[in-house]
Amino acid sequence: MGEDSPTDYVVIHEFLRGIYESLTVGEAFRRGLIDELLDAPLPASEPDHLLRFFLSVLEANGVVEQRDGHYALTERFGEALRFRHLMEAQIKYSTMLVRDLAFDTSAVFALGEVAEHAIHEPATETSPDGPIGDEYLRLYQFDLHDSENPWDQAATEAWVDYMNTLSRYEAPVVCSKYDFSAHRRMLDIGGNTGQFACTVCEHAPDLHAAVFDLPGVVAIGRRTLAGRPGFDRVEYVGGDAFADELPRGCDLVTFKSTLHDWPDDKAAELLEAAWSALEPGGTLLVFERSRVDLKDYQPVPFSLLTLLGWAWTLRGPERYEAVLRRLGAEDLQLEEFHLDLPWMVLTATKPAG
Ligand SMILES: C[S@@+](CC[C@H](N)C(=O)[O-])C[C@H]1O[C@@H](n2cnc3c(N)ncnc32)[C@H](O)[C@@H]1O
């Protein structure tokens, strides 16, 4: 057995390529079959023809195999099971996006409705626009700023939960690549629940962090991450990074998966605000997915739907490097690597006075 690596979690994608296969894995979790097979292999003579067919789908997908007259989990799926939480979350959120696509492809692509083909879902008590939260993703429909509206609040909670789950696995990767203990106080802009900041504080025992995000989002983070390692050194600050003053006194400012969402001028605005807030001699760090060519991901795997559905937002490091150079950044360092998709860690130093 080799050493564990923070990038090991990408193994989950091997079992979540096709929709049919992935939903079958989800069903195997839901009905407790995975847990039963973890407890004991199933004698091959036991299942009726329906369960045997279900098992054959899992077998074709490499989840189970027949060994010594029994169905058992494969060794490789056993490795993926270490990241079960992520696997189940990815199945959940990709399924929500598949429902969005099936229900209203025009809305997902923001192309406007083609009236004669529109399918209308029955109104519910919770919203005239359909059920809240965990069936549809509907990123195109809810407003992160509006936490007064229960539909927006539920949709925000679901989206924040997904971001938080991704960050739980992604944050340790940057901790293995960058020495955060060289800093005293970090500011994470668009820091969501604070999962990244807490992970960094866990790795750097003397570091304190401020998480800056929209007020409704930091409220969810403060509530859901309380008690997690590192949490006691994380301060939550609610606000709008485009309009409000950012916390000062930080020798490290970070953006994790936050800049790519914005067009060039807005991303530059965020970098400029971060640069002003950063102490002289401090470091700005960008940890983001990088540009992809969809031709390299054909057909789009089920587990990458939620990420590649926004592939057009992902940009290469040049757009950040150009702004940082203009701001007078020194010592730009770039590392590019592949996880679920291409990623980058870009750091730049602000001249010391
Ligand atoms: C794609 S998410 C990434 C979240 C987090 N950094 C992570 O990697 O899990 C972008 C984050 O930016 C936040 N955000 C959006 N608009 C913002 C604004 N105007 N000011 C501050 N944060 C904002 C969102 O609430 C969200 O948490």
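This text follows the structure it describes.
Criteria and thresholds
Residues numbered from 1 in each chain as written. Predicted model: local features only at pLDDT ≥ 70, side-chain atom pairs only at ≥ 80, totals over all residues. Heavy atoms only, no water. Axes fitted to C-alpha atoms, helices over the stretch in contact; angles between N-to-C directions. Helix = DSSP H or I, 4+ residues; strand = E, 2+ residues; numbered from the N terminus. Parallel < 35°, antiparallel > 145°, perpendicular 65-115°, else oblique. Left-handed = near helix turned anticlockwise from the far one by under 90°. Contact = heavy atoms within 4.5 Å. Nonpolar A, V, L, I, M, F, W, Y, C, P; charged D, E, K, R; others polar. Salt bridge = Lys/Arg side-chain N within 4 Å of Asp/Glu carboxyl O. Pairing = 2+ DSSP bridges. Core = buried A, V, L, I, M, F, W, Y, C linked by side-chain atoms within 4.5 Å. Buried < 20%, exposed > 50% of the residue type's maximum accessible area, 1.4 Å probe, protein only. Near = heavy atom within 4 Å. Polar contact = N/O pair within 3.5 Å; in protein donor to acceptor, adjacent residues only side chain to side chain. Areas by Shrake-Rupley, 256 points an atom, 1.4 Å probe, with all protein chains shown as cover.

**Structural notes on the packing of helix α9 (residues 264-277) against helix α11 (residues 318-326)**
Stage number 1. The N-to-C vectors of α9 and α11 enclose an angle of 45°; their axes lie 10 Å apart at closest approach. Relative to α11, the element α9 is oriented oblique. Crossing of α9 over α11 shows right-handed handedness. Facing Asp 264, Ala 267, Ala 268, Leu 271, Glu 272 and Trp 275 of α9, the residues of α11 in contact are Arg 319, Tyr 320, Val 323, Leu 324 and Arg 326.
Stage number 2. Its residues assigned to classes, the contact of α9 with α11 shows 7 nonpolar, no polar and 4 charged.

**Points about the pattern of salt bridges**
Stage number 1. Scanning all chains against the criterion turns up 23 salt bridges.
Stage number 2. Between Glu 27 and Arg 30 there is a salt bridge whose closest N-O contact spans 2.7 Å. Remark: Arg 30 and Glu 27 occur in helix α1 (residues 19-30); sequence separation between them is 3 residues, near one turn of the helix.
Stage number 3. Across the pair Arg 184 and Glu 279 runs a salt bridge whose closest N-O atoms are separated by 2.7 Å.

**Focus on the sheet that holds strand β8 (residues 278-289)**
Stage number 1. The strand order β6-β5-β4-β7-β8-β10-β9 describes an open sheet built from 7 strands, whose pairing is mixed. Two strands lie at the open edges of the sheet, namely β6 (234-238) and β9 (330-338), each paired on one side alone. Taking each pair of neighbouring strands and ignoring which way they run, the sheet shows an average axis angle of 15°.
Stage number 2. Bridge count between strand β5 (residues 208-213) and β6: 5 bridges; the pairing is parallel. Bridge pairing in β6 links Phe 212 to Val 237.
Stage number 3. Running at roughly 5° to strand β10 (residues 342-349), α11 makes contact with β8, β9 and β10 of the sheet.

**So, the nonpolar core**
Stage number 1. If you look at the biggest cluster of nonpolar residues, it comprises 75 residues, and the most contacted ones within it are Leu 58, Val 63, Phe 77 and Phe 180.
Stage number 2. The leading source of residues in this core is helix α6 (residues 150-175), at 9 residues.
Stage number 3. Counting 27 residues, the second largest nonpolar core, distinct from the first, contains Leu 259, Ala 274, Val 323 and Leu 346.

**A short note on the site of the ligand**
Stage number 1. As a matter of local geometry, the ligand sits amid 17 residues, with Ser 167, Gly 190, Asn 192, Asp 213 and Lys 256 nearest to it.
Stage number 2. Note that an oxygen atom of the ligand is positioned 2.7 Å from one of the side-chain N or O atoms of Ser 167.
Stage number 3. For the ligand, an oxygen atom lies 2.6 Å from a polar atom in the side chain of Lys 256.
Stage number 4. For the ligand, whose accessible area on its own is 590 Å², the fraction buried by protein is 92%.
Stage number 5. Split into classes, the residues belonging to the shell around the ligand amount to 7 nonpolar, 6 polar and 4 charged.

Function cannot be inferred from these measures alone, as they are strictly geometric.
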